[in-house]
Amino acid sequence: MNYWGFRCIHCRKPLAIAQHTICSSCYRKIEKSCYCGCCGALLPENQLYCGNCLRNEPKWHRIVQIAYYKPPLSDWIHRFKFQDQFWLDQGLARLLLLAIKQAQRTHQLELPEVIFPVPLFWHREWQRGFNQAQLLAEHLSNWLNIPLDNVSLKRVRATYSQRQLTAYERKRNLKGAFRYTPNRAYHRVAIIDDVVTTGSTLNAICAELLKQGVQHIQVWTLARA
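Residues numbered from 1 in each chain as written. Predicted model: local features only at pLDDT ≥ 70, side-chain atom pairs only at ≥ 80, totals over all residues. Heavy atoms only, no water.

If you look the protein chain up in an unreviewed UniProt entry, it shows as Amidophosphoribosyltransferase from Actinobacillus suis. Note on the protein chain: under the UniProt heading Sequence similarities (unreviewed entry), the record states "Belongs to the ComF/GntX family." (UniProt positions renumbered as here; feature names shortened; annotations may be inferred.)

Below, the structure is given as structure tokens:
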């Protein structure tokens, strides 16, 4: 119910259920497509692997994404991440939950033992006031009844923004940036990030997890750019 008159974050029409944040009409405006369950590339039909990831295989094993980084989804993510509208976390997390449920049907996704949010360096998180991946992860952990671990995986040094860097520079920028010291042995994990672009950050994290015996890594993201 919506006793307080909450409105859709996009069209501003009243919501039937306040917690959804986004109305069903605006949800249908998201351009969703079939995709590769490994690298996330757009495909005519859902597949577990494609030629793209076989040529340039990511270090993770499965990816779940709502859609590609296009409006209106990209607008909502930008507001959430860069305009201090952290209260959009529940609505965006719900969209990701729907994508996870869909992936269980279309990509034979098996849920993990634990969820890791992509960590921010402490100074970056202090500047922003929150870690967007952790806010999403908290909702998904609660809804899916999967433990959230925000201690074992840490970003131990500051890095430059990846946006303007080349592939080589991205890899060098992230060298030694993450440390994984698990408090127990995990074999099947999910990493939550808001947007996946080249995947350099996630590959750096996955490399650390694989060293410590993690056998299956899923990436759950709002959008693939």
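Novice: Would you explain the nonpolar core in this entry?
Specialist: Side chains that are nonpolar tend, in soluble globular proteins, to be buried together. Membership of the largest hydrophobic core comes to 61 residues, with the highest contact counts inside it found for Leu 209 and Trp 220. Sorting elements by how many residues they give to this core places helix H4 (residues 89-106) first, with eight residues. When we break this core down by domain, the ones giving at least three residues each are domain 1 (1-29) and domain 2 (33-222). In contact with Leu 209, other than residues within four places in its own chain, are Phe 116, Leu 153, Tyr 180, Val 189, Ile 191, Val 214 and Ile 217. (Core = buried A, V, L, I, M, F, W, Y, C linked by side-chain atoms within 4.5 Å. Buried < 20%, exposed > 50% of the residue type's maximum accessible area, 1.4 Å probe, protein only. Helix = DSSP H or I, 4+ residues; strand = E, 2+ residues; numbered from the N terminus. Domains from an automatic or database assignment. Contact = heavy atoms within 4.5 Å.)

Novice: Teacher, can you tell me more about the side chain of Thr 221 here?
Specialist: Secondary-structure assignment places Thr 221 in strand S6 (residues 216-224). On the accessibility criterion, Thr 221 (0% relative accessible area) is buried. Within the local environment of Thr 221, its side chain forms a polar contact with the backbone oxygen of Asp 193, the two atoms lying 3.2 Å apart. Engagement of the side chain of Thr 221 in a polar contact is seen with the backbone oxygen of Ala 223, the distance being 3.1 Å. If we skip the residues at most four places from it in the chain, Thr 221 touches Ile 63, Val 64, Gln 65, Ile 66, Leu 96, Asp 193, Asp 194, Val 195 and Val 196. (Polar contact = N/O pair within 3.5 Å; in protein donor to acceptor, adjacent residues only side chain to side chain.)

Novice: What exactly am I supposed to notice about the sheet that holds strand S2 (residues 114-117) here?
Specialist: In any sheet, the strands associate via hydrogen bonds between backbone groups, in a parallel or an antiparallel arrangement. The strand order S1-S6-S5-S2 describes an open sheet built from four strands, whose pairing is parallel. Sheet topology places strand S1 (62-68) and S2 at the edges, where each strand pairs with a single neighbour. Each neighbouring strand pair of the sheet contributes to a mean axis angle of 20 degrees, computed without reference to strand direction. Both S2 and strand S5 (residues 188-196) contribute to a ladder of four bridges, which runs parallel. Its bridge partner lying in S5, Pro 117 is registered against Ile 192. (Pairing = 2+ DSSP bridges. Axes fitted to C-alpha atoms, helices over the stretch in contact; angles between N-to-C directions.)

Novice: Can you help me understand the packing of aromatic side chains in this one?
Specialist: To describe a pair of aromatic rings, one takes the distance between the centres and the angle between the planes. If you walk through the whole model with that rule in mind, you get five aromatic pairs. On the basis of an interplanar angle of 55 degrees and a centroid distance of 6.0 Å, the ring pair of Phe 86 and Phe 130 is categorised as tilted. Linking Phe 86 in the loop between helix H3 (73-82) and H4 with Phe 130 in the loop between helix H5 (122-128) and helix H6 (132-144), this pair joins segments that are 44 residues apart in sequence. Taking relative accessible area as the criterion, Phe 86 reaches 46% and is therefore assigned partly exposed. The class for Phe 130 is buried, based on a relative accessible area of 9%. Among the aromatic side chains, those forming a connected cluster through ring pairs are Phe 80, Phe 86 and Phe 130. Sitting above the plane of the Tyr 27 ring, Lys 32 keeps its charged end 4.1 Å from the centroid. (Phe/Tyr/Trp six-rings, centres within 6.5 Å; stacked < 30°, edge-to-face > 60°. Lys NZ or Arg CZ within 6 Å of the ring centre and 35° of its normal.)

Novice: How do you make sense of the state of the cysteines when you look at a structure like this?
Specialist: A covalent bond between the sulfur atoms of two cysteines is what we call a disulfide. Applying the stated criterion to the full structure yields zero disulfides. Unpaired in this structure, Cys 36 has its nearest cysteine sulfur neighbour in Cys 53, at a distance of 3.7 Å. Unpaired in terms of disulfides, Cys 38 finds its nearest cysteine sulfur in Cys 53, a separation of 4.1 Å. The exposure class assigned to Cys 38 is buried, which follows from its relative accessible area of 1%. (Disulfide = S-S within 2.5 Å.)

Novice: What am I meant to see in the side chain of Ser 152 here?
Specialist: With respect to the helices and strands, the residue Ser 152 is situated in the loop between H6 and strand S3 (153-155). Given a relative accessible area of 1%, Ser 152 falls into the buried group. Of note is the side chain of Ser 152, whose polar atom sits 3.5 Å from the backbone nitrogen of Asn 183. With residues up to four places along the chain from it excluded, the contact list for Ser 152 reads Phe 116, Arg 179, Tyr 180, Thr 181, Pro 182 and Asn 183.

Novice: Explain the domain arrangement of the protein chain here, please?
Specialist: Note on interface size: it is often stated as the accessible area lost on association of the parts. Each assigned domain of the protein chain is listed with its residue range as follows: domain 1 (1-29) and domain 2 (33-222). Taken together, the contact between domain 1 and domain 2 spans nine residues of the former and ten residues of the latter. Roughly 970 Å² of surface becomes buried between domain 1 and domain 2 when both sides are summed, with 67% attributable to carbon and sulfur atoms. Put simply, domain 1 and domain 2 have zero salt bridges between them. At the boundary of domain 1 with domain 2, the tally comes to three residue pairs in polar contact (both at pLDDT 80 or more). (Buried area = accessible area lost by both parts, 1.4 Å probe. Salt bridge = Lys/Arg side-chain N within 4 Å of Asp/Glu carboxyl O.)

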